[in-house]
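Here are the chains, one letter per residue:
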Amino acid sequence: MERLCKTMAFLLSGAAILYHGGVMAAATVRYYTESDLVIPAVYKDAMPFSEGLAVVSEKGGPGSGGYFYITPDGKPAFTKKPLFGKPKTVAFSQAGSFSEGLAPVRVEYKVGYINKQGAMAIAPQYSDGYPFKNGKALVWTGGGEPWTYIDTGGKTLLTFGDWSYWGHGPTYTEGRAIVSRYDHTVAPHRLSGFLDDQGELVIPLIYKNAFPFSEGLAVVQLDDREMDGFVYLDREGEIAINRRYYGASSFKNGIAEILTGVFQKEYINKQGETVLVVPKDAILHRYGNTFERMLCVGFNQCGIQDMDGNWIIDPVFPPINEFSEGLAVFTVTHRTERDGLRGKEVEDRRVAAGVINRKGEVVVPMGKYRSIHAYENGLARVYEGSN
């Protein structure tokens, strides 16, 4: 319960239902289309839209009782009619995004699941609950009870015993779930492995760290005392690529980013062959298996090049994030210099953001908003307030 009260994560990423840090201090949230403000700046917290609804809060902070759902036109999704007076918005202590037609919500300290009509589909009875994926959701009743999987009717499908680590339950990707066990009698105290979809341990608890499977392979860390301790495993737990890395990421479209040295990045295929060596200090944007380079020729003078060095967008902008749905956020940085104890000191501070399209045209001017999230389904969350 304590962990859940301190944490709120976006369900689209498969995390639990609370968002770490509570209120976004001195910030309000808007939703933007390419050039038009569509939902006013009245919220302290907001999640991306999922299945046509978004979670917002006018109060902010877990336990505030102020989390409710809105439609794309900014109206409350669920209301109730009292005996007298106007309809009231249905709000929850905490709420998560919809997935497969259901969303986890907290009502008086317990988590249940509501449907797209706002009705309670699974009664509040859990201390913690994750979003539904492939017809099942991970829940925990609290205390010394094990994590379990339930179906959309609330029926228990699978019980996991004592595999959870510090209260975190297993979550599956590609039929494998990372599990860990804490043991203070051995180093490094926490060892990780993988369960199959029947709850059986199929990859032993021998790894310092483990990461989800993607395209049939998973990254594990053999030993945190060795810098090049990251390798790829297949679903049976065998080392798939006979090479060790300083760092490694999950495969996407058959390509993964790895570190072969402290500052040397490469992209490899699933045979371990180098596809691209990243120039040092370069920032690459990846779109499928196509790469572009964000290059700065001076302070707040950045643009986009193809990998042959041709300018796609001239270097006249502050640093540019990756494009999403044809639009990219750029962030304005203010640099100040002062005399310090060690001589000249430079401080860079992000002060504003804007948006450009693929032609390099500004569609949301800089200076109006403190930060802007990437576009999702035609909308972007925009934050106002002090820095």
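Residues numbered from 1 in each chain as written. Predicted model: local features only at pLDDT ≥ 70, side-chain atom pairs only at ≥ 80, totals over all residues. Heavy atoms only, no water.

Participant: Any details on the overall build of the protein chain? Residues and values, ideally.
Facilitator: Summing up its helical and strand segments, the protein chain has one helix and 35 strands in all. Split into buried and exposed, the 387 residues of the protein chain put 43% on the buried side. Considering only contacts in the protein chain between residues 6 or more positions apart, those separated by 24 or more positions represent 35%. By element, 50% of the accessible surface of the protein chain is carried by carbon and sulfur atoms, the whole surface being about 19,600 Å². (Helix = DSSP H or I, 4+ residues; strand = E, 2+ residues; numbered from the N terminus. Buried < 20%, exposed > 50% of the residue type's maximum accessible area, 1.4 Å probe, protein only. Contact = heavy atoms within 4.5 Å. Areas by Shrake-Rupley, 256 points an atom, 1.4 Å probe, with all protein chains shown as cover.)

Participant: Go over the pattern of salt bridges with me, naming the residues and quoting the values.
Facilitator: What the rule picks out here adds up to three salt bridges. A salt bridge links K265 to E257, with the nearest nitrogen and oxygen atoms 3.6 Å apart. Relative accessible area serves as the criterion here: at 27%, E257 is assigned to the partly exposed category. The salt bridge involving E292 is made with R358; its shortest N-O contact spans 2.7 Å. In this pair, E292 sits in strand β28 (residues 290-298) while R358 sits in the loop between β32 (343-357) and β33 (362-369), placing the two residues 66 residues apart along the sequence. We classify E292 as buried; its relative accessible area is 7%. Under the relative-accessibility criterion, R358 is labelled partly exposed at 35%. (Salt bridge = Lys/Arg side-chain N within 4 Å of Asp/Glu carboxyl O.)

Participant: Report on the state of the cysteines, specifying residues and quantitative values.
Facilitator: Here a disulfide denotes one covalent bond, and it connects the sulfur atoms of two cysteines. For the coordinates displayed, the defined rule picks out one disulfide. Across the disulfide from C296 sits C302; the S-S distance is 1.9 Å. Because the torsion about its S-S bond is 95°, the bridge between C296 and C302 counts as right-handed. Overall, the relative accessible area of 1% leaves C302 in the buried class. (Disulfide = S-S within 2.5 Å.)

Participant: An account of the pairing of strand β30 (residues 311-317) is needed here, citing residue identities and associated values.
Facilitator: As defined by bridge partners, strand β29 (residues 301-306) adjoins β30 across three bridges and the pair is classed as antiparallel. For C302, the partnering residue across the bridge sits in β30 and is F317. Hairpin connection, β29 to β30: the antiparallel pair is bridged by four residues, and G309 has positive phi, about 90°. (Pairing = 2+ DSSP bridges.)

Participant: Please set out the sheet that holds strand β10 (residues 110-114) residue by residue, giving values where relevant.
Facilitator: Overall, antiparallel pairing links the four strands, which are arranged β8-β9-β10-β11 in an open sheet. Of all strands in the sheet, those with a lone pairing partner are β8 (94-95) and β11 (120-126), marking the two edges. Two elements, β10 and β11, share three bridges in a ladder whose sense is antiparallel. Directly across from I114, in β11, lies its bridge partner M120.

Participant: Go over the nonpolar core with me, naming the residues and quoting the values.
Facilitator: Among the nonpolar cores identified, the biggest contains 13 residues, and Y69, F78, F92, A95, F98 and I114 are the most heavily contacted of them. The contacts of F98, once residues within four sequence positions are left out, are S50, E51, L53, Y69, F78, A103, I114, N115 and K116. (Core = buried A, V, L, I, M, F, W, Y, C linked by side-chain atoms within 4.5 Å.)

Participant: Help me get a handle on the packing of aromatic side chains, residues and values and all.
Facilitator: For the structure on display, the rule yields 13 aromatic pairs. When the centroid spacing of 6.0 Å and the interplanar angle of 75° are considered together, the rings of Y232 and Y245 count as edge-to-face. Note that Y232 is positioned in strand β22 (residues 230-233) and Y245 in the loop between β22 and β23 (247-248), a separation of 13 residues in sequence. Grouping residues by exposure puts Y232 and Y245 together as buried. Among the aromatic residues, those joined into a cluster by ring pairs are Y69, F78, F92 and F98. In this structure, K136 is placed above the aromatic ring of Y149, and the distance from its NZ or CZ to the ring centre is 4.9 Å. (Phe/Tyr/Trp six-rings, centres within 6.5 Å; stacked < 30°, edge-to-face > 60°. Lys NZ or Arg CZ within 6 Å of the ring centre and 35° of its normal.)

Participant: Lay out unusual backbone geometry in plain terms, naming residues and giving numbers.
Facilitator: For E51, which is not a glycine, the phi torsion comes out positive at approximately 55°. For E51, the location among the structural elements is in the loop between β3 (45-46) and β4 (54-57). Taking the relative accessible area as the measure of exposure, E51 reaches 38% and is therefore partly exposed. Even without being glycine, N134 reaches a positive phi, approximately 55°. Relative to the assigned elements, N134 resides in the loop between β12 (128-129) and β13 (136-140).

Participant: Explain the sheet that holds strand β16 (residues 172-173) to me, and be specific about the residues and the numbers.
Facilitator: The pairing of strands in a sheet happens through backbone hydrogen bonds and is either parallel or antiparallel. Strand order in this open sheet of four strands is β16-β17-β18-β19, and the pairing throughout is antiparallel. Sheet topology places β16 and β19 (201-207) at the edges, where each strand pairs with a single neighbour. As paired elements, β16 and strand β17 (residues 176-182) share two bridges and run antiparallel to each other. Within the sheet, the bridge partner assigned to T173 lies in β17 and is R176.

Participant: I'd like to hear about a nonpolar patch on the surface, residue by residue, with values.
Facilitator: A cluster of nonpolar side chains, namely M227, Y246, V262 and F263, defines an oily patch on the protein surface of about 440 Å² accessible area. Mapped onto the elements of the fold, M227 is located in the loop between β21 (218-221) and β22. (Patch = residues over 30% accessible without salt bridge, like charges linked within 9 Å, V, L, I, M, F, W, Y side chains within 5 Å.)

Participant: Requested: an account of the confidence of the model for the protein chain, with residues and values cited.
Facilitator: Of all residues in the protein chain, 79% attain a pLDDT of 70 or more, and the chain-wide mean is 81. Across residues 1-27 the pLDDT falls below 50, and counting only partners more than four positions away or on other chains, this stretch makes 94 contacts in the model. (pLDDT = per-residue confidence, 0-100.)

Participant: Explain the environment of Q301 to me, using residue names and the numbers behind them.
Facilitator: Within the element layout of this structure, Q301 appears in strand β29. The exposure class of Q301 is partly exposed, given its relative accessible area of 39%. Residues Q301 and V316, spaced 15 residues apart in sequence, show a C-alpha to C-alpha distance of 4.8 Å. Excluding anything up to four places from it in sequence, Q301 contacts L295, C296, P315 and F317.

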